[in-house]
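# Geometric and topological summary
Okay, here's what each chain looks like letter by letter:
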Amino acid sequence: MSVPEKPSLDGLEQKWGPQWEADRTYAFDRTKTRGEIFAIDTPPPTVSGSLHMGSVFGYAQTDTIARQRRMLGLELFYPMGWDDNGLATERRVQNYFGVRCDPSLPVDPDFAPPEKPGDREIPIARQSFVDLCEQLVVEDEKKFEELWRMLGLSVDWSMTYTTIGERSRRASQRAFLRMLARGEAYSSEAPTLWDVDDRTAVAQAELEDREMAAAYHALTFHGVDGGGDVLIETTRPELLPACVALVAHPDDERYRARFDETVRTPLFGVPVPILAHPLADPEKGSGIAMICTFGDTTDVVWWRELRLPLRNVMGRDGRLVAEPPDWGEEVGKDAVAQYAELAGKTAKQAQKRIVELLAESGELVGDPKPIQHPVKFYERGSRPLEIVSSRQWYFRNGGREADLRATFLARGEELHWHPAHMRQRYDSWVEGLNTDWLVSRQRFFGVPIPVWYPIDDGGEPVWDAPMLPTEAVLPIDPASDAPDGYTPDQRGVPGGFVGDPDVMDTWATSSLTPQIVTGWGDDDDLFTRTFPMDLRPQGPEIIRTWLFDTIVRAHFEHDSLPWRDTAINGWVLDPDRKKMSKSKGNVVTPMPLLEKHGSDAIRYWAASGRPGTDTAVDEGQMKVGRRLAIKLLNVSKFVLGVMGEGPAGPIVDPIDRSMLTSLAVTVEECTAAFERYDYARALERAERFFWGFCDDYVELVKHRAYGDAAGSEDDGAASARGALSAALSVLQRLFAPFLVYVTEEVWSWWQEGSIHREGWPTVAELAPDGAPLVFAVAAEVLGTVRKAKSDAKVSMRAEVDRIVVTDTEMRLAALRLAIDDVRRAGVSASVATELGVALAVTTTLVEPGS
RNA sequence: GGGCGGUUAGCUCAGUUGGUUAGAGCGCUUGCUCGACACGCAAGAGGUCGGAGGUUCGAGUCCUCUACCGCCCACCA
């Protein structure tokens, strides 16, 4: 046994981190079988610069559960990954180096990124861009691992994966091919939500609404064959050249007589029909809307259901296309001339110009009326999404099939949610799905879609006849590999082939993390030992993406859930309880806080946040955690100190057994709480007992434990030492999942091996038959004596002549069993008891000088 | 428009199936250097548990209505 003279928290991270690594304390033993393993599908954090407090919060909570399960004797399968593929990384590379990917450029072998990003982004070849992405993520991932190690996450770092890594690409492409073979993946030319800055399609799951200022513009459509003018209101007058119809509600009396009539658009004079559709809202604007291809998703529904023609004007760069759409033969040159005023302009510029033109022609009625309305954005985007028609790959997810939606709702019910109410978010998301999952992205740093297309004799790709690789050759890159039966020089020539230019969305790969980490398809032995996994911990904001998508993939591939339980952590708020966001500049970075308060203190803060409950970054709470850790150092030093005074045990004294019984109750509560994934309650229970143990029990028995009682040694002293050491062992282990460094330190003072590989405390190892009242009453009496001394403003060491305790017979009987400990803890000459109805204590202090 | 969560001491939060004078930490006040602990210890002040009604012997805890805050979802011309 070796206890430092002056215990300290400083340097514990640097001392134990390398030790755990050297001892392989958290290494996974793959000889264990499925029932002996607890498998956690750890979220791979997005690699985009730095981790934030929200990640620290969630991962620290998960780690407490991992550690408690490990102490229960389960073998932890707990790998960490980095989600480095995708647009987040591309964005970061663009900003970090000041470059932009232009896939039309050839590779410049001498290319080197600028020292500092310039004012204008430098266009570079695809491969050069991908190289920079790979270079930067390696840097970032090093920093991420450093932080996680400092935080004390008990992952097996030898199993780390990345979503751009070879294993992930192989799994992702294999799953894609299998879904294609089963008809769960398909490609289709269709209207698609499009980000004009990133120049890629985006999925429903990546949308967010933002309140934007706009204005209703009232426009006159002209009746033909004697029909009167029709007034419509629109927020997007610039899409007038894309107008294909007007639409009103079938029951709307104002327009009922005019359905199927033709009117002509203002400025362009294009004939369009007036149609009826129940989605038209009589309350909105003038009750009749213009349908354009496409202003919003409602236009898409109308266009599809009313079988309208396509008149696209919006280009993929967010500017109106050069040529006007096909308006039919009877529309004259004037219309083409009017359109030339708009061609090449952004939506905003075009709107300004067309409003001027409409005002001049007198077809704009009154002034535009400003409104605020929600507009769809890509969640990372800065300009509103447009809708363009394009060929894309989709995975079926129930967006177009009610049966499949019902299947996924049932999967949601099958999953155990912690807290349970988080399932509501899943349900409302699945119920609200309206398209299949769009997985292709017109981007560069991602898993390529493993498909080629033949090129016909006319030089056009045959999109409907994709050529596929065999699973054995995966992963492939269709941009550099050639399909079977072709040679590389046939790329891009008639009769040759072309690779699919797109990559998969990052979620199309990260939705396979359970398959990737468990070795699906690569390591069948590991797979059967670990899949389906036990727990998916994650944040609430990615239920609709990561959690749902992962369920979709496992359902199709394995006809099962990917995991049994999910624990959804809360959101982290800034110290003023505002949502943290980079744009607000209130993001708190973790490393300075870890260095200031210590890892255990940060973990304590995180574990104090209830499951699923939003929690503010609170340095006060971190200080409390630090204080707890210090207390654990000191009380451990005390207990181990008195153990050096003489033999420990057997535990025969009633108050010793009473304390241990009370601790046994705490152990039960902590164990039950952890079973429900409620680490916060477990911490709170352990902590509550611990402070009572330090403040009351230790004070009550310390004199006896020192062996001062009847000279040298007696049974009482041995009993106290036995109880103190039994309690210390249990308490150190109860705190081990939370305060990982300090518990390892104090454990090392008197035990062999890591505390993190010790058994979780059990009721059986404590005295389950003590009378809880003995310790409780003794502590209460001691408290009143302390109050008397405090009121008298004297030291707690001040001598007392006489303590008289009045209470009920039952409580007095309990007290008598500990009366000598109470007398000495109170520094009193005597303790007398008197029968009464409730606790009352008179404390007679020895007069100073008497 | 639909749904979920929250509203308890100045602040941040506990309060498990309804049960004696509602808890903790921080902050505040007053003391205390005693053989674990001044990165400490002890004691104290401070709340009619958002509002209204109801069930019950008894409600912070259950029911109804309501206000406010946060979030999720929604076809948003």
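Remember, it's a predicted structure, so these values are computed and weren't measured experimentally. (Residues numbered from 1 in each chain as written. Chains lettered and ligands numbered in written order. Predicted model: local features only at pLDDT ≥ 70, side-chain atom pairs only at ≥ 80, totals over all residues. Heavy atoms only, no water.)

## Concerning the overall build of chain A
Short version of the rule: Helix and strand definitions here come from DSSP, where helices need a minimum of 4 consecutive H or I residues and strands a minimum of 2 consecutive E residues; each element is numbered from the N-terminal end. The rule is simple: take the accessible area with a 1.4 Å probe, protein chains only, and divide by the maximum for that residue type; under 20% is buried, over 50% is exposed, in between is partly exposed. Here, residues are in contact when the closest pair of their heavy atoms is within 4.5 Å. Note that accessible areas follow from Shrake-Rupley with a 1.4 Å probe, and for residues the cover is restricted to the protein chains shown. The positive count covers Lys and Arg only, the negative count covers Asp and Glu only, and His and the chain ends enter neither. For charged residues, the charge sits on one atom: NZ in Lys, CZ in Arg, CG in Asp, CD in Glu.
From N to C terminus, chain A includes 25 helices and 29 strands. Taking the principal axes of its C-alpha atoms as reference, chain A extends roughly 120 × 65 × 55 Å. A buried classification covers 54% of the 850 residues belonging to chain A. By sequence separation, contacts in chain A at least 24 residues apart represent 77% of the contacts at least 6 residues apart. Put simply, chain A shows about 35,800 Å² of open surface, and 50% of that area lies on carbon and sulfur atoms. Charged side chains of chain A number 94 positive and 132 negative; the gap between the two group centres comes to 4 Å.

## Quick notes on the pairing of strand β16 (residues 386-395)
Using the following cut-off: Whether two strands pair comes down to DSSP finding at least two bridges between them.
Extensive coverage of β16 is indicated by the burial of eight of its 10 residues. Note that β16 and strand β18 (residues 437-438) share two bridges and pair antiparallel. Looking at β18, one finds that F395 is bridged to W437.

## Quick notes on the side chain of R603
Note the threshold: Any N or O atom pair separated by 3.5 Å or less is treated as a polar contact, with the protein-specific requirement of one donor-capable and one acceptor-capable atom, and with residues adjacent in sequence counted only for side-chain atom pairs.
Take R603: it is sitting in helix α17 (residues 599-608). Reaching out from R603, the side chain makes a polar contact with the backbone oxygen of G152 at a distance of 3.3 Å. Once residues within four sequence positions are removed from consideration, R603 is found in contact with A60, D63, T64, R67, L151, G152, L153, P737, F738 and V740.

## Observations concerning the sheet that holds β18
What the four strands build is an open sheet, ordered β8-β7-β16-β18; its pairing is antiparallel. A single partner strand is all that each edge strand has here, and the edge strands are β8 (200-201) and β18. The sheet contact formed by strand β7 (residues 185-195) and β16 spans 10 bridges and is antiparallel. Residue pairing for β16: S188 is matched across the bridge by Q392.

## Some details on the sheet that holds strand β27 (residues 800-807)
Selection criterion: Lines fitted to the C-alpha atoms define the axes, with helices restricted to the stretch that makes contact. Angles between their N-to-C directions range from 0 to 180 degrees.
The strand order across the open sheet formed by three strands is β28-β27-β29, and the pairing between neighbours is mixed. With partners counted over all chains shown, the strands left at the sheet margins are β28 (831-835) and β29 (840-845), one partner each. Across the sheet, the mean angle from the axis of one strand to that of its neighbour is 15°, orientation sign disregarded. Together, β27 and β29 form the strand contacts of helix α23 (residues 772-791), whose direction differs from that of β29 by roughly 45°.

## Points about α17
Most of α17 is tucked away: nine of the 10 residues are buried. Among all positions of α17, only S599, D600, A601, I602, R603, Y604, W605, A606 and A607 are buried.

## Notes on the confidence of the model for chain A
A low pLDDT means the predicted coordinates there should not be read in detail. Condition: The predictor rates its confidence in each residue with pLDDT, a number between 0 and 100.
Taken as a whole, chain A shows an average pLDDT of 93; of its residues, 98% reach a score of 70 or greater. Overall fold confidence (pTM) sits at 0.94, and the ipTM for the predicted complex is 0.95.

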